[in-house]
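# Commentary on secondary and tertiary structure
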Amino acid sequence: EAVGQWVLMATGRSPTNIAVIKYWGKRDEALILPVNDSISVTLDPDHLSATTTVAVSPAFSSDRMWLNGKEISLSGGRFQSCLREIRKRACDFEDEKKGIKIKKEDWEKLHVHIASYNNFPTAAGLASSAAGFACLVFTLGKLMNVKEDYGELSSIARQGSGSACRSIYGGFVKWCMGKKDDGSDSIAVQLADEAHWKDLVIIIAVVSSKQKETSSTTGMRDSVETSPLLQYRAQTVVPSRVLKMEEAIKHHDFESFAKLTCADSNQFHAVCLDTSPPIFYMNDTSHRIISLVEKWNQSEGSPQVAYTFDAGPNAVLIARNRKTAALLLQKLLYYFPPQDKDLSSYLVGDKSIL
Ligand code: 2P0
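Below you will find a few notes about this structure.

Each value, and the rule that gives it
- Residues numbered from 1 in each chain as written.
- Predicted model: local features only at pLDDT ≥ 70, side-chain atom pairs only at ≥ 80, totals over all residues.
- Helix = DSSP H or I, 4+ residues; strand = E, 2+ residues; numbered from the N terminus.
- Rg over C-alpha atoms; globule rule 2.2 N^0.38 Å.
- Buried ≥ 20, exposed ≤ 12 C-beta atoms within 10 Å, placed from the backbone.
- Contact = placed C-beta atoms within 7 Å.
- Pairing = 2+ DSSP bridges.
- Axes fitted to C-alpha atoms, helices over the stretch in contact; angles between N-to-C directions.
- Near = placed C-beta within 6 Å.
- Nonpolar A, V, L, I, M, F, W, Y, C, P; charged D, E, K, R; others polar.

Each helix and strand in the protein was counted, giving 8 helices and 17 strands. Computed over its C-alpha atoms, the radius of gyration of the protein comes to 21 Å, within 12% of the 20 Å expected for a compact globule of 354 residues. For the C-alpha atoms alone, the extent of the protein along its principal axes is close to 70 × 40 × 40 Å. Residues counted as buried form 45% of the 354 residues belonging to the protein. A fraction of 71% describes how many contacts in the protein between residues 6 or more apart in sequence connect residues 24 or more apart.

Structure (structure tokens):
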């Protein structure tokens, strides 16, 4: 770095989110426009979050990025879309004390260095592009004095990874699929903030720390091309389910929330099975966890715990309150005693990690 040259930095942190009404399938691959709305819960940032520092300096000669300390390529279309869209919206910036003045048009010429860390082991199979792209877009926006609202930022994060648009907000979030071809109305909106439903406790049971075999991007492309169930789900099932889920969240109606969450996870995995060739994300342990929860809920007469599984075998379990969460942990540890690195459980929404 040349003497007398400055560096301007910004740091941000974004948690990942867990979908309770799943996004699976794009109608536009380049813009990342989904075939249906989705709804998620953003986790609290103490667990499963990305922390990203972005910097600009006249001393930087190219855009570069490091993920968990290792340099990665920024040449991918998704990174380029996010950088381009943020730069386009950059505004004049001045720091008189430091003698830094950047005109709107100067941002195009300044290169960025990006360093991002995940506060969870990437090997745990929980690595999520959602936290990473949400954090990158939000932090770059701060650095470049972007004035757009969160909705606009969410539509930029969406172009990094679909699910990332939902991590721009805390609490309960809906990604509206939108109608327009340019994607400008495919944005996330907050349904309720993080203080809305404090009783819920989310436990993530790590069933396998192996990398998934089929990435979400290729998996959902295959499903769109081959699964008749996906079309039915997107057009007929999800629209009414989204309305019911919004009501359940609004009224803290755990029974309805749990039934919808489990049904939607199961239908998403049914779509995966309906894909040619079929995609298997869950394994025997995942299925045993579903049985445990279903039997427990039945014996109680009303749901105590909801389960949901993403593009992998790990279980995300949502307990109605702390007392239920403690019972759930007991049951999990009894039926699935941790062996080596398998099934170590994260207790999210509390300070402890088991
Ligand atoms: C979701 N998943 O709604 C669904 C449920 C996985 C299962 O969003 O291609 O990494 O980057 O848009 O966002 C994972 O897909 O895929 C995902 P891209 P993404 O959370």
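This paragraph deals with the sheet that holds strand β11 (residues 111–118). Strand order across the open sheet formed by 5 strands is β1-β6-β11-β7-β8, with mixed pairing between neighbours. Each edge of the open sheet carries a strand with a single partner, namely β1 (8–15) and β8 (70–72). Sheet twist, expressed as the average angle between the axes of neighbouring strands with direction ignored, equals 20°. Bridging between strand β6 (residues 49–57) and β11 involves 8 bridges; their strand directions are antiparallel. By the bridge assignment for β11, Ser57 is matched with His111. Along the sheet, helix α2 (residues 129–143) contacts β1, β6 and β11; its crossing angle with β1, the most-contacted strand, is approximately 145°.

So, about the site of the ligand. Contacts to the ligand come from 14 residues, most closely from Ala19, Ser161, Gly162, Ser163 and Ser216. Tallied by class, residues from the shell around the ligand come to 5 nonpolar, 7 polar and 2 charged.

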